[in-house]
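# A closer look at the structure
Chain residues, written in single-letter form:
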Amino acid sequence: MKKTGLTLIAAAAVSLLAAAPALAQAKINAGTLTCTGGAGIGLVLGSKKTYACTYKSASGRHSEDYSASITKIGLDIGVTSESVMVWTVLASTDAIVERGLTGNYAGATADVALGIGGGAKVLVGGSNNSIVLQPLSVQGQTGLNLALGVAELSIR
């Protein structure tokens, strides 16, 4: 049973990463968004975790801090410690306006942690759904957790 569950999670993560370029067509790399936090307990039907995030423009001339929360709907069981997620921020221009990442993002998610784990999320949202957050590196986390479903990221 464990092997089947891990295979399912791995397949979902690969599917998410493979779908990311299709979501990002006609988009420019505007920078990176790094979020740290998310320690907590997953409930059977979902969870909500908070993060501190920093956006850095591709040019390196602009940086902004944000707070964020991720709500997962679907299977989410277990306990995780703090994790780090890094996304490439894709937009129609490389010059995102001040506080331009503020908004709600939605997409698919897959995470697994058995001691040390990882996951992937591809999210679309922001102002007029004009920004795509594509995983730059797979999420790193520690704990015991299994999550698969739909995620909403709210950035403030």
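Residues numbered from 1 in each chain as written. Predicted model: local features only at pLDDT ≥ 70, side-chain atom pairs only at ≥ 80, totals over all residues. Heavy atoms only, no water.

### Focus on the overall build of the chain
- Scanning the chain from terminus to terminus reveals 1 helix and 7 strands.
- Start at the N end of the chain and walk to the C end: the helices and strands fall as α-β-β-β-β-β-β-β.
- Taking all 156 residues of the chain together, the buried fraction comes to 45%.
- Residue pairs at least 24 apart in sequence account for 74% of intrachain contacts in the chain once pairs closer than 6 positions are excluded.
- Surface accessibility of the chain: about 7,800 Å² in total, with carbon and sulfur atoms responsible for 64%. (Helix = DSSP H or I, 4+ residues; strand = E, 2+ residues; numbered from the N terminus. Buried < 20%, exposed > 50% of the residue type's maximum accessible area, 1.4 Å probe, protein only. Contact = heavy atoms within 4.5 Å. Areas by Shrake-Rupley, 256 points an atom, 1.4 Å probe, with all protein chains shown as cover.)

### A few points about unusual backbone geometry
- Phi is positive for R99, which is not a glycine, with a value near 60°.
- Inspection of the secondary structure puts R99 in the loop between strand 5 (83-91) and strand 6 (103-125).

### Concerning the packing of aromatic side chains
- Tallied over the entire structure, the rule returns 0 aromatic pairs.
- Note that R99 overlies the ring of Y66, its terminal NZ or CZ placed 4.1 Å from the centroid. (Phe/Tyr/Trp six-rings, centres within 6.5 Å; stacked < 30°, edge-to-face > 60°. Lys NZ or Arg CZ within 6 Å of the ring centre and 35° of its normal.)

### Let's talk about the state of the cysteines
- Under the defined criterion, the tally for this structure stands at 1 disulfide.
- The disulfide bridge from C35 ends at C53, spanning 2.1 Å between sulfur atoms. Since a negative S-S torsion denotes a left-handed disulfide, the C35-C53 link at about 110° is right-handed. Placement of C35 in strand 1 (residues 28-37) and of C53 in strand 3 (residues 46-57) is noted, with a sequence separation of 18 residues between them. Across the pair, C53 and C35 agree in class, each one buried. (Disulfide = S-S within 2.5 Å.)

### Examining the environment of P135
- Summarising the element assignment, P135 is placed in strand 7 (residues 131-155).
- Residue P135 is classed as buried on the basis of its relative accessible area of 14%.
- When the C-alpha positions of P135 and L33 are compared, they lie 9.6 Å apart, and in sequence the two are 102 residues distant.

### Focus on the nonpolar core
- Core analysis: the biggest nonpolar cluster contains 22 residues, and L33, W87, V89, L101, L133 and L153 have the highest contact counts within it.
- Among the secondary structure elements, those contributing two or more residues to this core are strand 1, strand 3, strand 4 (63-80), strand 5, strand 6 and strand 7.
- Top contributing element to this core by residue count: strand 7, with 5 residues.
- Among residues more than four places away in sequence, those in contact with V89 are I28, N29, A30, G31, T32, L33, Y55, I96, L101, I131, V132 and L133. (Core = buried A, V, L, I, M, F, W, Y, C linked by side-chain atoms within 4.5 Å.)

### Considering the confidence of the model for the chain
- With 58% of its residues at a pLDDT of 70 or more, the chain shows a mean pLDDT of 73.
- For the chain, helix 1 (residues 2-23) is the element with the lowest average pLDDT, namely 44, and strand 1 is the one with the highest, namely 93.
- For residues 1-25, every residue scores under 50 in pLDDT, and the model assigns this stretch 28 contacts once sequence neighbours within four places are set aside. (pLDDT = per-residue confidence, 0-100.)

### Overview of the side chain of S154
- Turning to its location among the elements, S154 is positioned in strand 7.
- Its relative accessible area of 15% is what places S154 among the buried residues.
- For S154, the side chain forms a polar contact with the side chain of R156, separated by 3.1 Å.
- Setting aside residues up to four positions removed in sequence, S154 forms contacts with S67, A68, S69, G103 and N104. (Polar contact = N/O pair within 3.5 Å; in protein donor to acceptor, adjacent residues only side chain to side chain.)

### Some details on the pairing of strand 5
- Most of strand 5 sits inside the fold, with 8 of its 9 residues counted as buried.
- The pairing of strand 1 with strand 5 spans 9 bridges and is antiparallel. Following the sheet pairing, T36 is matched in strand 5 by V84. (Pairing = 2+ DSSP bridges.)

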